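Chain by chain, the residues:
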Amino acid sequence: MVSYKELGLVNTREMFAKAIKGGYAIPAFNFNNMEQLQAIIQAAAELKSPVILQVSKGARNYANQTLLRYMAQGAVEYAKELGWEHPQIVLHLDHGDSFELCKSCVDFGFSSVMIDGSALPYEENIALSKKVADYAHQYDVTVEAELGVLAGVEDEVSAEQSHYTRPEEVIDFSKRTGCDSLAISIGTSHGAYKFKPEQCTRDPKTGRLVPPPLAFGVLHEIEKRLPGFPIVLHGSSSVPQEYVDMINAHGGKLPDAVGIPEEQLREAAKSAVCKINIDSDSRLAMTATIRRIFDEQPGVFDPRKYLGPARDEMKKLYEHKIIDVLGSNGKAE
Ligand code: G3H
Ligand code: 13P
Ligand code: ZN
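Cut-off values and rules
Residues numbered from 1 in each chain as written. Chains lettered and ligands numbered in written order. Predicted model: local features only at pLDDT ≥ 70, side-chain atom pairs only at ≥ 80, totals over all residues. Near = placed C-beta within 6 Å. Helix = DSSP H or I, 4+ residues; strand = E, 2+ residues; numbered from the N terminus. Nonpolar A, V, L, I, M, F, W, Y, C, P; charged D, E, K, R; others polar. Buried ≥ 20, exposed ≤ 12 C-beta atoms within 10 Å, placed from the backbone. Arc of directions from axis to C-beta. pLDDT = per-residue confidence, 0-100. Contact = placed C-beta atoms within 7 Å. Pairing = 2+ DSSP bridges. Axes fitted to C-alpha atoms, helices over the stretch in contact; angles between N-to-C directions. Expected span 1.5 Å × (residues − 1).

(A) Highlighting the site of ligand 2. The environment of ligand 2 is made up of 13 residues, and the closest members are His234, Ser237, Asn277, Asp279 and Ser280. Contributing elements (two or more residues each) for the shell around ligand 2: β3 (89-96) and β12 (273-278). Here the shell around ligand 2 is composed, by residue class, of 1 nonpolar, 10 polar and 2 charged.

Below, the structure written as structure tokens:
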């Protein structure tokens, strides 16, 4: 048993309480490799922003859970080296799909876990989420549960259609599970194709897709029923069109990729939404930079010559999110 406290990590409880009161949100960035982690920590340390490092099932399969955990432990020391005296870094399991997996993360030094029972029938979701919360709370590890189904693919859980969270269920769900935060479905979804063209209109000037707005009415209903309770938004990448264009200009093919407009995320961050999950935007920043370099400098074969600039671009992206979208800069001095 390794406690996250020994590793210098923190859970989400205090940072969420402050974020709700302060009208900002904490960035939850996924990481799969060293360059992403370096960019996240550099941005968070320079801006003194609390940050959540997320490990998904895909990341565990790709990089190995043990290695990722030690990397997060190293990240705490790296943050201090960068001059962040009291780093507020959470190591979070993203989309945990079983009690055993959540338990293994709690036992191994994660400070927060998500149990994603959103594809299960209501009562089964409650039973599983409660089992995880009961276990995790013994070690002061915080637990995110999910109610409502996001469109698209939730890791390997395929949801043909999204089902918005039903506000009338949230009190019962949060009370009976004992979860510390609740991921909800209000129209976001994972990946770089969040909306089908037929769900969007098209800007006549640019020809770009304009997505339908998020269901803020549902969010406000949920807030009313659970005042002060931390709400989480998954699938919150904006799919920056400059990256999509760069990818397409350098041999890629991402036609009509579209995300959540940042303006709407800014609005959400001011509400009880206090954790905003971003993964795809960092993938796009990395891919766009690497494609450009391969195209412009075909003789390059030292990975540092393309992974280094990709890391710098991701850092710029994380800084932009922290300052201009979530407003979490300076909240972990
Ligand atoms: O929630 C989905 C995240 O973007 C992680 O996806 O399992 O492909 O790493 P992944
Ligand atoms: P995006 O695919 O929009 O970046 O969402 C990431 C996410 O929700 C991770 O859990
Ligand atoms: Zn997610």
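(B) Spatial organisation of helix α10 (residues 262-269). Those residues of α10 not exposed but buried are Gln264, Leu265, Ala268 and Ala269. Taken end-on, α10 shows its buried residues confined to a sector of 140°, consistent with a single buried face.

(C) Structural detail: the confidence of the model for the protein. Residues at a pLDDT of 70 or more form 97% of the protein, whose mean pLDDT is 96. In the predicted structure, residues 153-159 sits below a pLDDT of 50 and forms 18 contacts with residues beyond four places in sequence or in another chain.

(D) Region of interest: the sheet that holds strand β11 (residues 231-233). The strand order around the closed barrel formed by 8 strands is β1-β2-β3-β4-β5-β8-β11-β12, and the pairing between neighbours is parallel. Strand-to-strand, the axes of this sheet are offset by a mean angle of 25°, without reference to chain direction. The strands touched by helix α1 (residues 13-22) within the sheet are β1 (26-30), β5 (142-147), β8 (181-184) and β12, with β12 carrying the most contacts at an inclination of about 110°.

(E) Looking closely at unusual backbone geometry. In this structure, Asn64 is a non-glycine residue whose phi angle is positive, near 90°. The topology assignment puts Asn64 in the loop between α3 (57-63) and α4 (65-81).

(F) Representation of α4 within the structure. Between its first and last C-alpha, α4 extends 24 Å over 17 residues, near the 24 Å set by a 1.5 Å rise per residue. Looking only at α4, the buried set comprises Leu68, Arg69, Met71, Ala72, Ala75, Val76 and Ala79. Looking at the buried positions of α4, the neighbouring elements they touch are α2 (34-47), β2 (51-55), α3 and β3.

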